[in-house]
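# Observations on the three-dimensional arrangement
Spelled out, the chains give:
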Amino acid sequence: MKIALIAHDKKKSDMVQFATAYRDILAQHEIFATGTTGQRVIDATGLNVKRFRSGPLGGDQQIGAMIANNDMDMVIFFRDPLTAQPHEPDVSALIRLSDVYQIPLATNMGTAEVLLKGLEKGFIDWRLIQERRN
């Protein structure tokens, strides 16, 4: 499965901690990330991560394009709800696209943990059925 990792600045350390804890599960899948988040995950885990631009520079939209093309299976986006983001419309669009295309989306560590454990147990295998992707 294709999994996107995104984290606002104040949540990047949380994403590194999360990716380190779930490295073995993530290593079995194709990982994508926005720029700095991806580099920090690579540095901490050694995972193979395809990096896009930084979120404010279009990385969120690049992941959104994959979602719109039904080419992304899960999004883990550690948002910082207490800090205004200059690219908030892009963030909202990414969340909306996840809803439109029925992409599992976690916006905090608790939900992300449930999604990855469910992925490991096969609870998200419905994404592999082509008819469900259209």
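The present account deals with the structure reproduced in this document. (Residues numbered from 1 in each chain as written. Predicted model: local features only at pLDDT ≥ 70, side-chain atom pairs only at ≥ 80, totals over all residues. Heavy atoms only, no water.)

## As for the packing of helix α1 (residues 12-21) against helix α6 (residues 109-121)
Pairs of packed helices are described in terms of their axes, by the angle between the two and the distance that separates them. It is the contact of α1 with α6, at a shortest axis distance of 11 Å, that shows an interaxial angle of 25°. Classified by the interaxial angle, the pair formed by α1 and α6 is roughly parallel. Both α1 and α6 take part in a crossing whose hand is right-handed. Residues D14, Q17 and F18 of α1 form the contact with α6, whose own contacting residues are M109, A112, E113 and L116. Its residues placed into classes, the contact of α1 with α6 shows four nonpolar, one polar and two charged. (Axes fitted to C-alpha atoms, helices over the stretch in contact; angles between N-to-C directions. Helix = DSSP H or I, 4+ residues; strand = E, 2+ residues; numbered from the N terminus. Parallel < 35°, antiparallel > 145°, perpendicular 65-115°, else oblique. Left-handed = near helix turned anticlockwise from the far one by under 90°. Contact = heavy atoms within 4.5 Å. Nonpolar A, V, L, I, M, F, W, Y, C, P; charged D, E, K, R; others polar.)

## Observations regarding α6
The terminal C-alpha atoms of α6 lie 18 Å apart, and with 13 residues this matches the ideal 18 Å at 1.5 Å per residue to within 8%. Taken residue by residue, α6 has A112, L115, L116, G118 and L119 as its buried positions. Viewed along the axis of α6, the buried residues span an arc of 160°, placing them on a single side of the element. Among the exposed residues of α6, those pointing more than 90 degrees away from its buried face are V114, E120 and K121. Of the surrounding elements, those touching the buried residues of α6 are β1 (2-7), α1, α2 (23-26), β4 (74-78) and β5 (105-106). Where α6 begins, the side chain of N108 points an oxygen toward the backbone nitrogen of G110, at a separation of 3.1 Å. Phi turns positive one or two residues past the end of α6, at G122, with a value near 90°. (Expected span 1.5 Å × (residues − 1). Buried < 20%, exposed > 50% of the residue type's maximum accessible area, 1.4 Å probe, protein only. Arc of directions from axis to C-beta. Polar contact = N/O pair within 3.5 Å; in protein donor to acceptor, adjacent residues only side chain to side chain.)

## Some thoughts on the packing of aromatic side chains
For any pair of aromatic rings, the description rests on two quantities: the centre-to-centre distance and the angle between the ring planes. Applying the stated criterion across every chain, the model contains three aromatic pairs. With a centroid separation of 5.0 Å and an interplanar angle of 40°, the aromatic rings of F18 and Y22 are classed as tilted. The two residues F18 and Y22 agree in class, both being buried. Here the aromatic rings of F32 and F52 are separated by 5.9 Å at their centres, their planes lie at 10°, and the arrangement is stacked. (Phe/Tyr/Trp six-rings, centres within 6.5 Å; stacked < 30°, edge-to-face > 60°.)

## Observations regarding the nonpolar core
I3, I76 and L116 are the most contacted members of the largest nonpolar core, which totals 24 residues. Ranked by residue count, the leading element in this core is α6, at four residues. One finds I67, M72, L97 and I103 within the second-largest nonpolar core, a separate group that totals 14 residues. (Core = buried A, V, L, I, M, F, W, Y, C linked by side-chain atoms within 4.5 Å.)

## A few points about the pairing of β1
For β1, the tally of buried residues reaches six of six residues, placing the bulk of the element in the interior. Burial along β1 is two-sided: the residues K2, A4 and I6 and I3, L5 and A7 are all buried. In this sheet, strand β2 (residues 30-33) lies alongside β1 in parallel orientation, the contact comprising four bridges. Its bridge partner lying in β2, I3 is registered against I31. In the sheet, β1 pairs with β4 via five bridges, with the strands oriented parallel. Counted as the bridge partner of L5 is I76 from β4. (Pairing = 2+ DSSP bridges.)

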